[in-house]
Amino acid sequence: DGRSWRVNRTLLGTVQRTEIEATMGAAPVGTLHLVASGSVVEAHKGDQWGNFEDLAWLRELANKHCIACVSGDIHANDFHCIPTENGRMVYDFTSSGAAIRRAIWAGTDCENFGLLEIDAATLRGQWIRFGQPGALAPVTIDRHSWQMQA
C-alpha cells in the first residue's frame, strides 16, 4: 500500500517496512522478492518512490536481496534498472493495464498490459499493447547473477 502512508517523506510507514524487511531476511539467499506498487519506483514525474525516503530504503535492501517491482499508475508500459551503491539492481516492471486510453477515458488508445514469466533460472518481462508486443523489447534477468541478459 503506497498511498495511505504518504506522510512527510515516506510511502509505506514503519510497520510495512519492518514486515517487508523481516520477510526478506527470513527467506533463503537468492529468493526473488516481488514488490507490487500502484506507483512507479523511479524516473517519472508525479507519484513515484523516488520522491520519498522509501527508494533509498528499497535500494539498501536490494544490496542483499533480489528485488523486482511490479508497478503501474502511469498509463503506459515501462522498465527501469535502479542501481544500488554496490552495483546490484532493483528492476521496475511497469504496466498500467487499467488504462484504456492515455488519460483514462480521453487521449490516445493504449490497452496495455505486462507479463512476467518466472522460472528457476530467469525472470522475463514483456509488455503488450493492443494485443501485440509493444515498443519495449522483452527483458530477461538471470536469477543467479541478478543481471540482465543480452
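Here, every reference points to the structure presented above.
In what follows, the accompanying structure is described.

Analysis parameters
Residues numbered from 1 in each chain as written. Predicted model: local features only at pLDDT ≥ 70, side-chain atom pairs only at ≥ 80, totals over all residues. Heavy atoms only, no water. Pairing = 2+ DSSP bridges. Helix = DSSP H or I, 4+ residues; strand = E, 2+ residues; numbered from the N terminus. Contact = heavy atoms within 4.5 Å. Core = buried A, V, L, I, M, F, W, Y, C linked by side-chain atoms within 4.5 Å. Buried < 20%, exposed > 50% of the residue type's maximum accessible area, 1.4 Å probe, protein only. Arc of directions from axis to C-beta. Axes fitted to C-alpha atoms, helices over the stretch in contact; angles between N-to-C directions.

Things to note about the pairing of strand S7 (residues 112-118)
Bridge count for S7 against strand S8 (residues 122-129) is seven bridges, and the pairing is antiparallel. By the bridge assignment for S8, Asn 112 is matched with Arg 129. Hairpin remark: S7 followed by S8, antiparallel, with three residues in the connecting loop.

Notes on the side chain of His 33
Relative to the helices and strands, His 33 resides in strand S1 (residues 32-37). His 33 has contacts with Thr 23, Met 24, Ala 27, His 65, Cys 66, Ile 67 and Ala 68, leaving out every residue within four places of it along the chain.

Focus: the nonpolar core
If you look at the biggest cluster of nonpolar residues, it comprises 16 residues, and the most contacted ones within it are Val 41, Trp 49, Leu 58, Ile 67, Cys 69 and Val 90. Among the elements that line this core, the one with the most residues is helix H2 (residues 54-62), at five residues. Setting aside residues no more than four positions away along its own chain, Val 41 makes contact with Gln 48, Trp 49, Gly 50, Leu 55, Leu 58, Cys 69, Ser 71, Ile 82 and Asp 92. Formed by twelve residues, the second largest nonpolar core is a distinct cluster that contains Ala 68, Met 89, Tyr 91 and Trp 127.

Quick notes on the environment of Arg 17
Looking at the secondary structure, you find Arg 17 in helix H1 (residues 14-26). Separated by 41 residues in sequence, Arg 17 and Leu 58 have C-alpha atoms that sit 9.3 Å apart. Dropping the residues within four chain positions of it, Arg 17 is found in contact with Thr 10, Leu 12, Glu 53, Asp 54 and Trp 57.

Considerations on H2
Taken together, the buried positions of H2 are Asp 54, Leu 55, Trp 57, Leu 58, Leu 61 and Ala 62. Viewed along the axis of H2, the buried residues span an arc of 160°, placing them on a single side of the element. Of the surrounding secondary structure, the elements contacted by the buried residues of H2 are H1, strand S2 (66-71), strand S3 (78-83) and strand S4 (89-94).

Focus: the sheet that holds S2
Taken in spatial order, the four strands of this open sheet run S1-S2-S4-S3, and their pairing is mixed. The strands lining the two open edges of the sheet, one partner per strand, are S1 and S3. The mean angle between the axes of side-by-side strands here comes to 20°, regardless of whether they run parallel or antiparallel. Here S3 pairs with S4 via six bridges, running antiparallel. Bridging from a neighbouring strand, Phe 79 pairs with Phe 93 of S4.

Shape is all these values report; function is a separate question.
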